[in-house]
Structure formats: structure tokens, C-alpha cells
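# Chains, contacts and geometry: an overview
Letter by letter, the chains look like this.
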Amino acid sequence: MSKLKALAGLGVMLLALMLTGCSGEPSPTDTPVEAPTVAVASTSVVTPTPVAVDTPTPVAQVQEGAALTTREYAEALVEATSGFEEEGDDKIEAAFEALFSGDLISEDVLERMFTLETSESWSEDDVKFASEFAKTLLQATTAVYDVILKVFNEYLDEMASLKPPEHLSDLHSAFIEAYRESLRFFQEYVESVKNTDTEIKGPADYANFQEIVNSLESGPLDPELQQKSDDLAEQAEQACLELKEQLEAELERDVSICE
């Protein structure tokens, strides 16, 4: 599941830049990125337009009932994984550009939020402004994570469509199910974050809001949910490694599917 964690991290890059601009705190991501240009000084809520993600072409066209050989199965897994790693970043970065750049949130809006964070008292207009900003940011951020989940689910569907040799079917099924369970948990958490209260009445409310939105990348704030997330990711990684090790033992060569 290292792939899931890596690409999910992309989903917070621009968010981190936005929140850094507002709070002056270090970005939660270690990867330096260039901030996109923002130009519209509007505080109205803009509903992000869904980003289309192309459905990948199956790496193996197998007749119904026909199983792949071990070599064919391994090659199909590697091909799907390689294509996913090469295309996943591009699709998610395209989602960034569509959802966060241009006319969604301007530099003036970000600057005003920065000022409000250091202000001891807010007017009614400030409260309305901050609440609209939070609503817009929440919609845009969770929309990016919807794209991330779509990319991963398409990858998983492609892998699940493969028919392995009979003696590898249990390992294949365990890998798919563990991966799917982790994605299901992630989807449920994204949906819960979508319900975050965006009524921001002061700096403390906004700090709490930031913490919840940032948890999409850093992990659930609830210790029990965080532990479950870690356990599911570990189980998926282990299932992938067991399949990889069996394939490498049979083929006597590296099979790169879990990096």
C-alpha cells in the first residue's frame, strides 16, 4: 500500500501551500512544489467541476475461463503496476490544476484569511467570509481525493480482472481483497471529512478545520481509526509481498509490484 500513501500525499500538496500561506506554519508535505497561479478575488463558494479520469485499457485480454501462465500473470501485474505509477501522478496533478488553479481561491482571499488568523476579534462579515472560504476549500480538497480514489480503484479493477494460474488464485484474491478493504476505509474517511463543519467563527475554529482537512494526508485524528488505517495498509502490503515472493520464487527473477 505504499503506492496509496504516496499518491494520497499528492492530494495535500496544494492544500498545504494554501494553508501555509494562511497560517505561516511549515507545510505538512516534504515535497517542494510550485504554487499554481490564482487570480480571482472572489469569496463566493465555487463547486469544483468533476475531473474525468480515463478508464485504463486492460493489460491482458483473456478469454473467459482461460487462466494465465505464471509468467503471463507476473508480466501483466508488472505492466499494470508500471502504467499505474506512470499515469497516476499525471491524472492527479491534472485534478489539481482543474480544481485549485485559476478562479477558485485568489491570493487576496488567502491573504485575508492569514490576517483573520492573527486577529483577536472578527466581525460578522469576517465570519461569513471565513465560512465561505472553508466550504470552498473543503469541497475542492475532497474532490481531489475523489479523483485519487477513482485512480486507485481503476487500477485495482484492472488487477482483479486478471485470472492467475490456479495455484496462485488464493494469493491473488487475498491481495485484491486486502487492497480493496484499505481503499474502502479511505473512501469512508473522505466521506466523513466532507461533513466537516465549515461554520468558522474565529481562529480556533479555523485551526480545528485545518487539522481535519490535513488528516486526509496525515491520517485520521481518532487514534482508533488511525490504528485501523495502519493495520489495513500493513495487511495489504503484506498480501502484495506474499504474492510477489511466490512469483519471484517460481520465475527466479524480480517481479516489481509492491514498490
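The model shown is predicted, which means the values in this text are computed figures rather than measured ones.

### Some remarks on the pattern of salt bridges
- A complete count under the given rule lists 11 salt bridges for this structure.
- When the shortest N-O distance is used, the salt bridge between Arg180 and Asp157 registers 3.5 Å. In this pair, Arg180 sits in helix H6 (residues 169-194) while Asp157 sits in helix H5 (residues 124-160), placing the two residues 23 residues apart along the sequence.
- Relative accessible area serves as the criterion here: at 24%, Arg180 is assigned to the partly exposed category.
- Across the pair Lys244 and Asp254 runs a salt bridge, and its minimum N-O distance is 3.3 Å. With a gap of 10 residues between them, Lys244 in helix H8 (residues 223-251) and Asp254 in the segment after H8 connect regions that are remote in the sequence.
- One network of salt bridges, in which partners are shared, links Arg112, Asp125 and Asp126.

### Here we look at the nonpolar core
- If you look at the biggest cluster of nonpolar residues, it comprises 56 residues, and the most contacted ones within it are Tyr73, Leu77, Phe133, Phe175, Phe209 and Leu247.
- Elements represented by at least two residues in this core include exactly helix H3 (70-100), helix H4 (107-117), H5, H6, helix H7 (203-218) and H8.
- Looking at this core, the element that brings in the most residues is H5, giving 16 residues.
- Sequence-distant contacts of Tyr73, defined by excluding residues within four places in its chain, comprise Leu68, Leu162, Pro164, Pro165, Leu168, His172, Leu243 and Leu247.

### Re the packing of H4 against H7
- Where H4 meets H7, the closest approach of the two axes is 9 Å, and the angle between their N-to-C directions is 120°. Considered as vectors, H4 and H7 are oriented oblique to each other. On H7, the residues touching Met113, Leu116 and Glu117 of H4 are Pro203, Tyr206 and Gln210.
- For the contact of H4 with H7, the per-class residue count stands at 4 nonpolar, 1 polar and 1 charged.

About the cut-offs
Residues numbered from 1 in each chain as written. Predicted model: local features only at pLDDT ≥ 70, side-chain atom pairs only at ≥ 80, totals over all residues. Heavy atoms only, no water. Salt bridge = Lys/Arg side-chain N within 4 Å of Asp/Glu carboxyl O. Helix = DSSP H or I, 4+ residues; strand = E, 2+ residues; numbered from the N terminus. Buried < 20%, exposed > 50% of the residue type's maximum accessible area, 1.4 Å probe, protein only. Core = buried A, V, L, I, M, F, W, Y, C linked by side-chain atoms within 4.5 Å. Contact = heavy atoms within 4.5 Å. Axes fitted to C-alpha atoms, helices over the stretch in contact; angles between N-to-C directions. Parallel < 35°, antiparallel > 145°, perpendicular 65-115°, else oblique. Nonpolar A, V, L, I, M, F, W, Y, C, P; charged D, E, K, R; others polar.

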